[in-house]
Amino acid sequence: MLSFIFYVALVVEAMTAALAAGRRKMDWFGVCVLACVTALGGGSARDILLGHYPLTWVGNPYLLLLVCAAALFTIAIARVVDKLHWPFLLLDALGLVVFTIIGCNVALEMGHPPLIVIVAGMITGIVGGILRDVLCNDVPLVFSGELYATVSIVTGAIYFFGLQFGFNSEFVISAAMAVGFSLRVLAIVLKWEMPKFVYDKDLR
Amino acid sequence: MLSFIFYVALVVEAMTAALAAGRRKMDWFGVCVLACVTALGGGSARDILLGHYPLTWVGNPYLLLLVCAAALFTIAIARVVDKLHWPFLLLDALGLVVFTIIGCNVALEMGHPPLIVIVAGMITGIVGGILRDVLCNDVPLVFSGELYATVSIVTGAIYFFGLQFGFNSEFVISAAMAVGFSLRVLAIVLKWEMPKFVYDKDLR
Amino acid sequence: MLSFIFYVALVVEAMTAALAAGRRKMDWFGVCVLACVTALGGGSARDILLGHYPLTWVGNPYLLLLVCAAALFTIAIARVVDKLHWPFLLLDALGLVVFTIIGCNVALEMGHPPLIVIVAGMITGIVGGILRDVLCNDVPLVFSGELYATVSIVTGAIYFFGLQFGFNSEFVISAAMAVGFSLRVLAIVLKWEMPKFVYDKDLR
């Protein structure tokens, strides 16, 4: 079940990346690279920072094909996609939560302390989008007020402390997913935002 | 022979990076760093992603000196360089092909499957240029339609499957280089381009 | 003593990053991430490039809390900060020198040759600032003429060759810090600049 949602999340991330690439008028190859970086970059960053080899896509290269296929398919159906605004946001929220739990799990199995487990989940959840924005020459969207990374942190904390308190692992996963997903959807619907720090003077 | 072209390719990559740095009015130190990142970044990215330590330049630190020397030399002869437009494009094409074969070879020796071998070659060939463009605050050029990464993929595929079919390794290297190089030169001369994906609506 | 200055340097780097985030109107989470990347990114880049695991902050996760606390504190006192222009520059100069020595030391203990030791020090000193500028969508400041990386190289060289010539390690550290710090301060006061390479023609 978790791994099924993982594949769905990869596809969704690939599709959002493809649309971002289209906005920058990239070629088809660029679309595929940006999709791979966005969908697989979070997990790769986590694995490189923790020294956890081989990376997911190196061990399962067919993931690259899945992501590229999803990206190229997006080119074909781009016109339909903007009618799918809501399904997209929901699947993206689900993906964020699943990526986070998978990331926490990798750090847990390596025996890392709580803070690193939660950070590993967050890196898995958000770094793909940061790399996408850097390659598209934008300031990363995840820093601009949306309740996105916070959702990842909350999900990771529930997962870690749930397991810690000895609850059944399936129950903990379901609870973390339910809370994280609801939080993200509420944040979108109610337009919750993180407070911003605006500083105009130039230090230099 | 391959390693001789490798050095030539490092020098050429360093020189193109130096010119890019000059367009951004960087200082001499920035010129050297950008040259190192461009010339050695592809191989470093490959080694970090595959967990292949030590990195090439850590094992052979004199490569850093070679690249910096080439970059500083470019400052001195910048006026001459734009008369060398064609030799540059040809050497750059040769470099792309050689970097690709070296990258494929590293993945092959580590025992990776075909797709990873070809991706490793492509990463070695194109990531340096992507990092250069990100540090210069541009959308990476390699995504903008030129037949560049495709050349790398074709070269890597010929190399891998040539070896797989049991041909003599020197013959396979020559064939991969000849096809890749010709394809790149033809793409420049005939202005072949990858199709682009242009998407204007903002999803958000 | 060195480790005390290391903590001060982390805090100072976190604070400059927070101000940079404020100029980009990032949210509080973005402020924390940018602070972590800036303060801990140099050491992480060094460790990943040299294959030196675990990374500093993975082994000591409380460093993440220290850096985030410093960043959030900066939001509260932003108005006071621009009156602290000079103390900031001095602490930043001290941080650069200490980061460099710590970075050199890691490479030394791994048994790397002189050039890699000095490069490792420089990476530890300057990569954090480069990542900050890339995430803020700027061309990295360190390439724009300030005598910053050069200070790091000089400090690293004094440290390495001082130890090599058999001097007492505490004496060598003090000497490297004194020279590096003075050089940086002199460069700021006297407005020393690296020569720039300006190249206008477009190669392409």
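Residues numbered from 1 in each chain as written. Chains lettered and ligands numbered in written order. Predicted model: local features only at pLDDT ≥ 70, side-chain atom pairs only at ≥ 80, totals over all residues. Heavy atoms only, no water.

Labelled according to an unreviewed UniProt entry, chain A appears under the name Trimeric intracellular cation channel family protein, originating from Devosia rhodophyticola. In UniProt, chain A has this text filed under Sequence similarities (unreviewed entry): "Belongs to the UPF0126 family." Its UniProt record, at the heading Subcellular location (unreviewed entry), says of chain A: "Cell membrane". (UniProt positions renumbered as here; feature names shortened; annotations may be inferred.)

When its secondary structure is counted, chain A shows nine helices and zero strands. From first element to last, N terminus to C terminus, chain A shows the α and β order α-α-α-α-α-α-α-α-α. For chain A, the spread of C-alpha atoms along the principal axes amounts to about 50 × 50 × 35 Å. Residue pairs at least 24 apart in sequence account for 74% of intrachain contacts in chain A once pairs closer than 6 positions are excluded. Mean positive and mean negative side-chain charge positions of chain A (12 and 13 charges, respectively) differ by 8 Å. (Helix = DSSP H or I, 4+ residues; strand = E, 2+ residues; numbered from the N terminus. Contact = heavy atoms within 4.5 Å. Lys, Arg positive; Asp, Glu negative; His and termini not counted. Charge placed at Lys NZ, Arg CZ, Asp CG, Glu CD.)

All names here are of chain A. Summarizing the sequence annotation, UniProt attributes the feature "transmembrane region" (unreviewed entry) to residues 62-81, 88-108, 114-135, 147-165 and 171-190 in the numbering used throughout. Helix makes up 100% of residues 88-108 and strand 0%, and the two end C-alpha atoms of the span are 30 Å apart. Secondary structure over residues 171-190 splits into 95% helix and 0% strand, and the C-alpha atoms at its two ends are 28 Å apart.

Take the relation of the copies chain B and chain A next. With an RMSD of 0.0 Å, the operation that places chain B on chain A is a rotation of 120° combined with a shift of 0.0 Å along the axis. What the rotation and shift describe, once combined, is the action of a three-fold rotation axis. Of every C-alpha in chain B, the one belonging to Asn137(B) sits nearest the axis of rotation, 3.8 Å from it. The residues that chain B uses at the interface reappear at the interface of chain A in only 14% of cases, marking distinct surfaces. (Least-squares fit on C-alpha atoms with pLDDT ≥ 70 in both.)

With that out of the way, let us pick up the environment of Ala175(C). Residues and elements named next belong to chain C. Its location among the elements puts Ala175 in helix 9 (residues 169-189). The class of Ala175 is partly exposed, set by a relative accessible area of 24%. C-alpha separation for the pair Ala175 and Pro114, spaced 61 residues apart in sequence, amounts to 18 Å. (Buried < 20%, exposed > 50% of the residue type's maximum accessible area, 1.4 Å probe, protein only.)

Moving on to the relation of the copies chain C and chain A. It takes a turn of 120° to lay chain C on chain A, together with a shift of 0.0 Å along the axis; the resulting RMSD is 0.0 Å. Counting the interface residues of chain C, we find that no more than 14% of their copies in chain A are interface residues as well, pointing to two distinct contact surfaces.

With that settled, consider the pattern of salt bridges. Residue and element names in this part refer to chain A. A complete count under the given rule lists six salt bridges over all chains for this structure. Across the pair Asp47 and Arg46 runs a salt bridge, and its minimum N-O distance is 3.0 Å. Note on accessibility: Asp47 and Arg46 belong to one class, buried. The partner of Arg132 in a salt bridge is Asp133, and the shortest N-O contact between them spans 3.2 Å. Among the residues examined, Arg132 registers a relative accessible area of 12% and is labelled buried. Residue classification places Asp133 among the buried positions, given a relative accessible area of 7%. (Salt bridge = Lys/Arg side-chain N within 4 Å of Asp/Glu carboxyl O.)

Both the distance between ring centres and the angle between the ring planes are used here to describe each pair of aromatic rings. Residues and elements named next belong to chain B. Overall, the coordinates contain twelve aromatic pairs over all chains when judged by the stated rule. Residues Phe6 and Tyr7 carry aromatic rings whose centres are separated by 5.7 Å and whose planes lie at 55° to one another, so their mutual orientation is tilted. Here the aromatic rings of Phe6 and Phe99 are separated by 5.8 Å at their centres, their planes lie at 45°, and the arrangement is tilted. With Phe6 in helix 1 (residues 2-23) and Phe99 in helix 6 (residues 85-109), this pair connects stretches of sequence that are 93 residues apart. Side by side, Phe6 and Phe99 carry an identical accessibility label, which is buried. (Phe/Tyr/Trp six-rings, centres within 6.5 Å; stacked < 30°, edge-to-face > 60°.)

As a further point, take the UniProt feature "domain: Glycine transporter" (unreviewed entry) in chain A. Per the UniProt record, "domain: Glycine transporter" (unreviewed entry) is annotated on residues 5-77 and 90-161 of chain A. A distance of 26 Å separates the end C-alpha atoms of residues 90-161 of chain A, which is 76% helix and 0% strand.

All right, on to the environment of Val37(C) then. Residues and elements named next belong to chain C. Mapped onto the fold, Val37 is located in helix 2 (residues 28-50). Sequence separation between Val37 and Ala157 is 120 residues; the distance between their C-alpha atoms is 26 Å. With residues near it in sequence (within four places) discarded, Val37 still touches Gly42, Gly128, Leu131 and Leu135.

Moving on, we get to the interface of chain B and chain A. Contacts between chain B and chain A engage 37 residues on the former and 34 residues on the latter. The contact between chain B and chain A buries some 3100 Å² in all, and 72% of this surface belongs to carbon and sulfur atoms. The tally of links between chain B and chain A comes to zero salt bridges. In this assembly, chain B and chain A are joined by four residue pairs in polar contact (both at pLDDT 80 or more). (Buried area = accessible area lost by both parts, 1.4 Å probe. Polar contact = N/O pair within 3.5 Å; in protein donor to acceptor, adjacent residues only side chain to side chain.)

This paragraph deals with a nonpolar patch on the surface. Residue and element names in this part refer to chain A. Together, Trp86, Leu90, Leu186, Val189, Leu190 and Trp192 give the surface a local cluster of nonpolar side chains, amounting to about 550 Å² of exposed area. Going through the elements one at a time, helix 6 (85-109) and helix 9 (169-189) are the ones with two or more residues in the nonpolar patch. With respect to the helices and strands, the residue Trp86 is situated in helix 6. (Patch = residues over 30% accessible without salt bridge, like charges linked within 9 Å, V, L, I, M, F, W, Y side chains within 5 Å. Areas by Shrake-Rupley, 256 points an atom, 1.4 Å probe, with all protein chains shown as cover.)

Here the focus is the packing of helix 7 (residues 114-135) of chain A against helix 8 (residues 149-164) of chain A. Residues and elements named next belong to chain A. The N-to-C vectors of helix 7 and helix 8 enclose an angle of 140°; their axes lie 9 Å apart at closest approach. As the angle between them shows, helix 7 and helix 8 are arranged oblique. Our pair here, helix 7 against helix 8, has a crossing hand that is right-handed. Together, Pro114, Val117, Ile118, Gly121, Met122 and Ile126 of helix 7 and Ala149, Ser152, Ile153, Gly156, Ala157, Phe160 and Phe161 of helix 8 make up the contact between the two elements. When its residues are assigned to classes, the contact of helix 7 with helix 8 shows ten nonpolar, three polar and no charged. (Axes fitted to C-alpha atoms, helices over the stretch in contact; angles between N-to-C directions. Parallel < 35°, antiparallel > 145°, perpendicular 65-115°, else oblique. Left-handed = near helix turned anticlockwise from the far one by under 90°. Nonpolar A, V, L, I, M, F, W, Y, C, P; charged D, E, K, R; others polar.)

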